[in-house]
Amino acid sequence: MNIAILGLGLMGRAIAQRIAGFGLTVRGYNRSPITDGPVGVVVSHTLDEAVAPAHIIWVMLADFAACEAVLLAEENQPLWRNRLVINGATISPDQSRTLAHAIHTLGGRYLEAPVLGSTPQAETGTLQILLGGDAADIKRAESILQALGTPTHFGEVGQGAAVKLAMNQLIGSLTAAFSMSVGLVQREGVDITQFMETLRASALYAPTFDKKLQKMLDRDFASANFPLKHLLKDLQLFTTAAESRQINTQMVHSLTDILTHATTTGASDADYSALFAEIVPPQ
Ligand code: NAP
C-alpha cells in the first residue's frame, strides 16, 4: 500500500517513520523544504509527486487554515478524487465536517483521525486514534491504524474531533490546576516529595502531574513534544465548539488568556507545561 503523509512537523515525521517501519511505502511532503527526512520515507518536493502514487493520504498539518490551504486550494482539488484522506490534525468538529463535505464533493473519501499522545507514542505505535467517519474507510486504513496505535470509532465525522477537544481541554485545565497547587506548596516551603506522596494517594491524582512535575521544578520547558501554541489553538477550538452547544467556558477563557500571554513572552514553541511559569512566575 502506498501512503502520502502531508506535513512533516513534529507529529508528521514520527507518524511517517512509524508507518514506513511497517513495510508500507511512504512518501512525505512538507510546505517548507526538508533536508533530513524521516527514516524510510521518501520526501517529495511537490505535493503532486507525493500524492500521485498514493492510495491513502494522512494529513498531519498544524490547523484548519493549513488543511484548507493544502486540501482545498483549487489546483490541488483534483488530487483527492478516488483517494482516502485521513485527517490527523486537531481541528474542530465543524471544521472537520467542512473538510469532509468538500472532499466528498471532489470524489474522495474523508476520515477524521485526531490522535491522543505525542511523538513518543507515535514512534512506538501507542497513539489513541479517535475516529469519525465510515466503517468501510476505517477498514481500508486498518494496516496504518494498527501501526500507529489503538483506534476507537466514535461515530460520524465531527465526533472524533469532539472527543479530541474534550481530552485536550483536560490537558490544559489539569496542568493549570496542578501548577497553582505546586506553586502554593513551594512558596509555603512544603516538601514537594511529601506533597506528591499525598496527592498520589488521593483521588485527585492524574498521571500527567508526574509527567510534567520535573519540568516545572526545573523551570525547563525546552524539547517540546506538544508545543504550547498548539494547546492554545486547541483550547480556542474547544471554547468555540462548547459555546455553540451552550456550555459555560468561562474557565477555559481565563486559561486561553494565560496561554496567549505566554506566547507574547516567547513560549509558543516551548512545552505546554511552560504554563507553570505563567501561573507561578519566578520570584
Ligand atoms: P508542527 O510541528 O507545528 O507541524 C505543523 C505542520 O503543518 C508543518 O509540516 C507545517 O509546515 C505545516 N503547515 C502549517 N501551516 C501550513 C500551511 N498554511 N500550509 C501548508 N503546511 C502548513 O505541528 P505538530 O506538533 O506536528 O502537530 C500537527 C497537528 O497534530 C496539529 O493539529 C496538532 O494540534 C496535532 N497534534 C500534535 C501533537 C503533538 O504532541 N505535537 C499531539 C497530538 C495532536 P512548515 O514546516 O512548512 O511550517
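Everything numeric in this text was worked out from a predicted model, so none of it was measured.

Conventions and cut-offs
Residues numbered from 1 in each chain as written. Predicted model: local features only at pLDDT ≥ 70, side-chain atom pairs only at ≥ 80, totals over all residues. Heavy atoms only, no water. Helix = DSSP H or I, 4+ residues; strand = E, 2+ residues; numbered from the N terminus. Rg over C-alpha atoms; globule rule 2.2 N^0.38 Å. Buried < 20%, exposed > 50% of the residue type's maximum accessible area, 1.4 Å probe, protein only. Contact = heavy atoms within 4.5 Å. Areas by Shrake-Rupley, 256 points an atom, 1.4 Å probe, with all protein chains shown as cover. Lys, Arg positive; Asp, Glu negative; His and termini not counted. Charge placed at Lys NZ, Arg CZ, Asp CG, Glu CD. Axes fitted to C-alpha atoms, helices over the stretch in contact; angles between N-to-C directions. Parallel < 35°, antiparallel > 145°, perpendicular 65-115°, else oblique. Left-handed = near helix turned anticlockwise from the far one by under 90°. Nonpolar A, V, L, I, M, F, W, Y, C, P; charged D, E, K, R; others polar. Polar contact = N/O pair within 3.5 Å; in protein donor to acceptor, adjacent residues only side chain to side chain. Near = heavy atom within 4 Å. Patch = residues over 30% accessible without salt bridge, like charges linked within 9 Å, V, L, I, M, F, W, Y side chains within 5 Å. Salt bridge = Lys/Arg side-chain N within 4 Å of Asp/Glu carboxyl O. Domains from an automatic or database assignment. Buried area = accessible area lost by both parts, 1.4 Å probe.

(A) Representation of the overall build of the protein. Helices and strands together make up the secondary structure of the protein, namely 13 helices and nine strands. On C-alpha atoms alone, the protein measures out to a radius of gyration of 20 Å, which is about the 19 Å that the 2.2 N^0.38 rule sets for 283 residues. Expressed as lengths along the three principal axes of its C-alpha atoms, the size of the protein is roughly 60 × 45 × 35 Å. Of all 283 residues assigned to the protein, the portion counted as buried reaches 49%. Considering only contacts within the protein whose residues lie at least 6 apart along the sequence, 64% involve residues at least 24 apart. With an accessible surface of roughly 13,400 Å², the protein has 54% of that area assigned to carbon and sulfur atoms. Of the side-chain charges in the protein, 20 are positive and 26 negative, and the distance between the mean point of each set is 5 Å.

(B) Up close: the packing of helix H8 (residues 159–187) against helix H10 (residues 207–218). At a closest axis distance of 11 Å, the pairing of H8 and H10 adopts a crossing angle of 50°. Here H8 lies oblique to H10, going by the angle between them. Between H8 and H10 lies a crossing whose hand is right-handed. Each of Leu174, Thr175, Phe178, Ser179, Val182 and Gln186 in H8 lies in contact with H10, whose residues at this interface are Thr208, Phe209, Leu213, Met216 and Leu217. Split into classes, the residues belonging to the contact of H8 with H10 amount to seven nonpolar, four polar and no charged.

(C) Representation of the environment of Ala141 within the structure. Within the secondary structure layout, Ala141 lies in the loop between helix H6 (135–140) and helix H7 (142–148). Separated by 116 residues in the primary sequence, Ala141 and Asp257 have C-alpha atoms spaced 39 Å apart. Beyond its immediate sequence surroundings of up to four residues, Ala141 is in contact with Ile56, Leu84, Ile86 and Leu111.

(D) Structural context of the environment of Thr126. Relative to the helices and strands, Thr126 is located in the loop between helix H5 (119–124) and strand S8 (127–132). Counting along the chain gives 22 residues from Thr126 to Leu148, while the straight-line C-alpha distance between them is 6.2 Å. With near-sequence residues (within four places) excluded, Thr126 lies in contact with Gln121, Leu148 and Gly149. Within the structure, Thr126 has its side chain in polar contact with the side chain of Thr124 (distance 2.9 Å).

(E) Layout of the site of the ligand. Surrounding the ligand, one finds 23 residues, the nearest of these being Asn30, Ser32, Ser118, Asn225 and Lys233. Residue Thr90 places a main-chain N or O atom 3.0 Å away from an oxygen atom belonging to the ligand. Here Lys233 contributes a side-chain N or O atom positioned 2.7 Å from an oxygen atom of the ligand. Contact with the protein chains removes 85% of the 890 Å² of surface that the ligand exposes when unbound. Residue assignment for the shell around the ligand shows that the elements contributing at least two residues are helix H1 (10–20), helix H3 (64–71) and helix H11 (228–243). The residue inventory of the shell around the ligand, partitioned by class, reads eleven nonpolar, nine polar and three charged.

(F) Quick look at a nonpolar patch on the surface. Side chains of Met167, Leu170 and Leu174 sit close together on the surface and give an oily, nonpolar patch of about 210 Å² of accessible area. Here Leu170 lies in helix H8. Its relative accessible area of 41% is what places Leu170 among the partly exposed residues.

(G) Region of the structure containing the domain arrangement of the protein. By the assigned domains, the protein splits into domain 1 (2–156) and domain 2 (162–279). Placing the centre of domain 1 and that of domain 2 at their C-alpha centroids yields a distance of 28 Å. Summed over both sides, the interface of domain 1 with domain 2 buries roughly 1,200 Å², with 68% coming from carbon and sulfur. For the interface between domain 1 and domain 2, the tally reads zero salt bridges. The interface formed by domain 1 and domain 2 includes five residue pairs in polar contact (both at pLDDT 80 or more).

(H) Region of the structure containing the environment of Ser223. For Ser223, the location among the structural elements is in the loop between H10 and H11. For the pair Ser223 and Asp269, spaced 46 residues apart in sequence, the C-alpha to C-alpha distance is 8.9 Å.

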